[in-house]
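A structural walkthrough
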Amino acid sequence: MPPPSTDLPDPAPDPAPDPAPDRGAAARPPSVDALARSLGGSGLPHAICVDLAREAIAAGDVAGAPARAEAYRRTLLSPVVNATGVLLHTNLGRAPVAVSTDARAVNVEFDLATGERGSRQRAVGQLVARLCGAEAAMVVNNNAAAVLLVLAALAPGRQVLVSRGESVEIGGSFRVPEVMEQSGARLVDVGTTNRTRLSDYRRALDRPDADVALVLKVHPSNYRVEGFVEETPVAQLATLGVPVVADIGSGLIDATCPWLHGPPPTWLRDEPAAVQALADGAALVTFSGDKLLGGPQAGVIAGRADLVAACARHPLARALRPGGLVLAALQSTVLAYLHRRVVQEVPFWRMVATPVADLRSRAESLAARLEGVLDARAVALDALPGAGSAPGATMPSYGIEVRGDLLDRLRAADPPVVARAREGRTFLDLRTVDPTDDDHLARALTAAASVA
Ligand SMILES: *Cc1c(COP(=O)(O)O)cnc(C)c1O
C-alpha cells in the first residue's frame, strides 16, 4: 500500500509507481527526478519540485508529494477574495490597490525640465501636500517609519512630550516608547493615562531641565478609553510654542469627507484627519498610506516645509524611502482624491460607499442560487473598517450565512475565499467582496458543500 498521505485533501492522482505486487518486497521509491517532473503541473519551478520530491521520498510519503506541492504553492502570494467584512484586513494587505505598470523606465528621480537628477519625493510630495493643505510632504515605507524619521531628524537627544494616555502600542510592534528609544529622542511622559491637560504639558516645558524639541500627539488607533477621560486637542497644543507632531495613524484626509455624497459616516466620528490637524496648528502630521487613505503601504509626513526638508535630509530617509512602484500607486490614489474620483477609483472608499440595499440584493440573489445546494440565507451583518481604524465602529452590511464551518474549504477555492465563522456557522460579508466575485463565491460555496 502507498504510505498514508498528509491530512490535506489529495488533489491529484498518486504519481508513484504501483507498489510491487508481492507483499514482502518493499516498493522501490521513484527517482527524485521522476517524482519532481510529475509535480510540474503545479506550476512551481523545477528546482522547488526537486526539493519537494526529495522531502516526500525522505519522509516515505511519495503519494503525498502532490499535496506537498499544492501546500507549497499556497504559501506564495496570490489574490484572495476577502469575505470577512473587515475592509482594511491587515493580514490581507489592508487597502486593496490596483497596480499595473509596463516594464518601462520612470522619472522617479529625474527632472524632465532640466535633464538633471531630481527628487524622489517631489512628484508625490507636492500632490500629498496639496491634498492635505500642507506646505510640503514626503513619503516613506509606512507610518512607523514616518514617526521614526520625524523623531530622529527633529529631536535627536532632545525631549519629546507625549501624554501618558497616548504612549500606546499599535499593531503588535509599533510601541511609542520603543520607537522613541530607537530614534534617539527622549520620551517625557506627561499627564495620566486617562486625563492629560494643557497644563500638564506646560509644566513639563517649564521644568529647569526642559529641552523640548517636539510635542507628539499619537492617535490611540486600535482601542478606546471611555468615561473619565480628557485629552488635549491639537489646537491647544499648538499654543505651547513647540512644534506639534500629530501621528493621526489612519490617514483620513479630511473629516468632512468631501468625496462622499452626503455627510461623513458616523463610524468616522472619532478619527483625526490630516486637513483639520494641520489647520489646527500641527507642524507635521504622519499617517499610513494603506489605511483610510486607501492606497499602497506607505507612510506620509506632511506639514511645515522646513521640518519636512529636515526629515528628507536625514540619513535614515534613504533607508526608509519607498520604491517607484509604491510611489506610482500612491500618486494614482492621491490623484483620484484631487480629481474627486475617490468613490469611483479608490477601492476602499468604493466599499464604504456601497449602499447596504445593493449588498442586500446581491446577498439575496446569491442565497437564491444556492438553494438546494446548501443551507444558506441572506443576513444583515456588521462590517468593520479594520487596520485599527475606528475601533468598536461598524458599518451596516449584508452577506450570506451558511450552516457549518466551511472556512477551510473556502480557502481551498481558487482564488481562495477568506470568510469568518462563529458558533458553527460561516458568514460571508459582501461589503468587502467585489461584485464581479459573486459568481466565484457561488461556485466556491457549491464546491465546499459537495466535499463530504
Ligand atoms: C497604524 C498606525 C501606525 C503604524 O502605521 P504603519 O503604516 O502600519 O507602519 C502608527 N501610528 C498610528 C497612530 C497608527 O494608527
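Note on numbering: residues in each chain are counted from 1, in written sequence order. Thresholds applied to this predicted model are a pLDDT of at least 70 for local features of residues and 80 or more for the giving and counting of side-chain atom pairs; totals over whole chains, interfaces and linings are not thresholded and use all residues. Working from all heavy atoms in the structure, the side-chain values ignore hydrogens and water.

Near is defined per residue: the residue qualifies when any heavy atom it owns lies within 4 Å of the molecule or strand. Taken together, Arg-94, Asn-142, Asn-143, Ala-144, Ile-170, Phe-174, His-219, Ser-221, Asp-247, Gly-249, Ser-288 and Lys-291 make up the full set of residues adjacent to the ligand. One nitrogen or oxygen atom from the side chain of Arg-94 is found 3.0 Å from an oxygen atom belonging to the ligand. Between the ligand and the protein, one listed contact pairs an oxygen atom with a side-chain N or O atom of Lys-291 at 2.7 Å. Classifying every residue of the shell around the ligand gives 3 nonpolar, 6 polar and 3 charged. Under the rule applied, a polar contact is a pair of N or O atoms within 3.5 Å (in protein, one hydrogen donor and one hydrogen acceptor; residues adjacent in sequence only if both atoms are side-chain atoms). Gly falls in the polar group here, along with every residue not listed as nonpolar (Ala, Val, Leu, Ile, Met, Phe, Trp, Tyr, Cys, Pro) or charged (Asp, Glu, Lys, Arg).

Once that is clear, we can look at unusual backbone geometry. For the peptide bond that leads from Asp-414 to Pro-415, omega is 0 degrees, which places it in the cis range. Numbering of helices and strands starts at the N terminus; helices are DSSP runs of H or I of at least 4 residues and strands are runs of E of at least 2. Inspection of the secondary structure assignment puts Pro-415 in the loop between helix 16 (407-411) and strand 14 (417-418).

Another point: the domain arrangement of the protein. On domain assignment, one finds that the protein holds domain 1 (81-95 + 353-450) and domain 2 (122-345). On a C-alpha basis, the centroid separation for the pair domain 1 and domain 2 is 33 Å. When checking whether two residues touch, look at their non-hydrogen atoms; a contact exists if any pair is within 4.5 Å. Contact residues are listed per partner, giving 13 residues for domain 1 and 15 residues for domain 2. With both chains or domains summed, domain 1 and domain 2 bury close to 1,100 Å², and 65% of this area falls on carbon and sulfur atoms. For domain 1, the biggest contributors to the area lost against domain 2 are Arg-94, Ala-95 and Pro-391; these three give 37% of the whole. Note that the domain bounds were set by an automatic or database domain assignment. Each of two parts loses accessible area, computed with a 1.4 Å probe, when they are put together; buried area is these two losses added.

The subject of this paragraph is the packing of helix 5 (residues 143-154) against helix 6 (residues 176-183). Interaxial distance between helix 5 and helix 6 falls to 8 Å at its minimum, and their mutual angle equals 45 degrees. In this view, helix 5 runs oblique relative to helix 6, as classed from their interaxial angle. As for how helix 5 packs across helix 6, the hand of that crossing is right-handed. Note on element contacts: helix 6 touches helix 5 through Val-179, Met-180, Gln-182 and Ser-183, opposite Val-147, Leu-148, Leu-151 and Ala-152. Classifying every residue of the contact of helix 5 with helix 6 by side-chain character gives 6 nonpolar, 2 polar and no charged. Axis geometry follows a simple rule: fit a line to the C-alpha atoms, using only the stretch in contact for helices, then measure angles between N-to-C directions, giving values from 0 to 180 degrees. For this classification, under 35 degrees means roughly parallel, over 145 means roughly antiparallel, 65 to 115 means roughly perpendicular, and everything else is oblique. Crossing handedness follows the turn of the near helix against the far one: under a right angle anticlockwise gives a left-handed crossing, and clockwise gives a right-handed one.

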